[in-house]
Amino acid sequence: MTKDTEISRFEVPCLFLLSLGTLIAYWPGITGASLTAGWLWLIISLPIMMFFYKFDTKIEHQFGLAFLIIATLSLLWTTNFNIGLYYLLQIISLGMAFCLGSVLKSIKPIIYGLILGLIINDIVAISQYLGYHNIFSLDNSVAGLFVNHNIYCEVSVVILICLLVFEFYWWVPITFLGIILAPSRSGLLALIICGFIWVYNKSKVLALLLAIISLLLMLYYYVNNFNIASINQRFDLWLDTLRGLTIFGTGVGSYELMFPKYAIHINTLLERPKYAHNDILNNIFEFGIFCTLLIPL
């Protein structure tokens, strides 16, 4: 892909606001739920950014377009059209983000937006840690503006890796609060894997040592915090999801509404999962078995 024109004078602030807005889109009492607000910001801002660029179609874009066509057609049989349309817009936004990222000459404006956004979340997190829960979070946890502490940790990990890769070393400490005060298993596991890859390129012996230490720490954690019920619940969720897989799927955004129809291991009167917690299963459930040909691409 190639840029169509020279960098516009509006491009830098737009990229900055694109990333900043995604992290601070949730304003209590104004914008509603944090994830919803973040998605709405991307749905609105990404199409505007697309006007700055020209895109040359490649094979990956053709597969992506095919997937979008399948997702759009599934609106015809999804359970709730409005919910389906909202989720379809999310998928389209991810496609636009992929196209946008493939043509950028520099992502520095995006990184600076992420830095400022995370600093704002860190300030909120500190207030929550000190007991001032004036900004809602699940179970009064330390979550910044993300409401869910797992998301706060995962975002901090992603930004940490980004800062290290692009050598923004002075800003690395701003990621520590989200990792330390709101630890997430998936976030920490991702950090360990990325750290192992980075160390492996420097020293195989040191990487092996890091792997052993990480395994011992994880073993210690699970011995003291092991919850077999949580693991069993995840497998039960996947088993019930498998029962709902069809040729054409149940339609975009239909998982939460259609899952109870197939649930025999999960009591949906007590809990209603919104996602399968497995992207491949979730996509096949909603878009059908044929979409497996497009998922890897």
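Q: I tried to follow the overall build of the protein chain on my own but got confused; where do I start?
A: The secondary structure content of the protein chain amounts to 12 helices and zero strands. When the helices and strands of the protein chain are listed from N to C terminus, the series reads α-α-α-α-α-α-α-α-α-α-α-α. Out of the 297 residues belonging to the protein chain, those deemed buried represent 37%. Carbon and sulfur atoms provide 70% of the accessible area of the protein chain, an area that totals close to 17,700 Å².

Q: What is the right way to read the nonpolar core from this model?
A: Within soluble globular proteins, side chains that are nonpolar tend to cluster in buried spots. Of all hydrophobic cores here, the largest spans 42 residues; its most connected members are Leu 15, Leu 23, Tyr 53, Leu 100, Tyr 152, Ile 159 and Leu 163. It is helix α6 (residues 149-165) that contributes the most residues to this core, nine residues altogether. Residues within four places of Tyr 152 in sequence aside, it is in contact with Leu 118, Asn 121, Asp 122, Ala 125, Val 142, Ala 143, Gly 144, Phe 146, Leu 177, Gly 178 and Ala 182.

Q: Whenever I open this one, helix α4 (residues 81-103) confuses me. Can you help?
A: Residues spaced three or four apart along an α-helix face the same direction, because each turn holds 3.6 residues. Along its 23 residues, α4 runs 33 Å from first to last C-alpha, staying within 8% of the 33 Å computed at 1.5 Å per residue. Listing the buried residues of α4 in full gives Gly 84, Tyr 87, Leu 88, Gln 90, Ile 91, Ser 93, Met 96, Cys 99, Leu 100 and Val 103. Backbone nitrogen of Asn 82 and a side-chain oxygen of the N-cap are separated by 3.1 Å at the start of α4; the cap is Asn 80.

Q: Even after reading the chapter, I still don't get the side chain of Ser 137, so can you show me in this structure?
A: For Ser 137, the position within the fold is in the loop between α5 (108-129) and α6. If we ignore the near neighbours within four places in the chain, the residues touching Ser 137 are Gln 128, Ala 143 and Val 147.

Q: What is the right way to look at the side chain of Asp 240 in this model?
A: Mapped onto the fold, Asp 240 is located in helix α10 (residues 228-243). With residues up to four places along the chain from it excluded, the contact list for Asp 240 reads Phe 259, Tyr 262, Ala 263, Ile 264, His 265 and Ile 266.

Q: Got a minute to help me understand the layout of surface pockets in this structure?
A: In this approach the atoms are scanned with a rolling probe the size of a water molecule, which exposes any empty space left behind. What the second largest pocket holds in volume is close to 290 Å³. Ile 161, Leu 164, Val 165, Tyr 169, Leu 191, Cys 194, Gly 195, Trp 198 and Val 199 together form the lining of the second largest pocket. Breaking the lining of the second largest pocket down by element, the ones donating at least two residues are α6 and α8 (185-202). If one sorts the elements of the lining of the second largest pocket by residue count, α8 sits on top with five residues. A per-class count over the lining of the second largest pocket returns eight nonpolar, one polar and no charged.

Quick notes on the rules
Residues numbered from 1 in each chain as written. Predicted model: local features only at pLDDT ≥ 70, side-chain atom pairs only at ≥ 80, totals over all residues. Heavy atoms only, no water. Helix = DSSP H or I, 4+ residues; strand = E, 2+ residues; numbered from the N terminus. Buried < 20%, exposed > 50% of the residue type's maximum accessible area, 1.4 Å probe, protein only. Areas by Shrake-Rupley, 256 points an atom, 1.4 Å probe, with all protein chains shown as cover. Core = buried A, V, L, I, M, F, W, Y, C linked by side-chain atoms within 4.5 Å. Contact = heavy atoms within 4.5 Å. Expected span 1.5 Å × (residues − 1). Polar contact = N/O pair within 3.5 Å; in protein donor to acceptor, adjacent residues only side chain to side chain. 1 Å grid on protein atoms, 1.4 Å probe; cavity = no way out; pocket = protein on both sides within 12 Å on 5 of 7 lines; lining within 4 Å. Points joined across faces, edges and corners; volume = space filled by probe spheres on them. Nonpolar A, V, L, I, M, F, W, Y, C, P; charged D, E, K, R; others polar.

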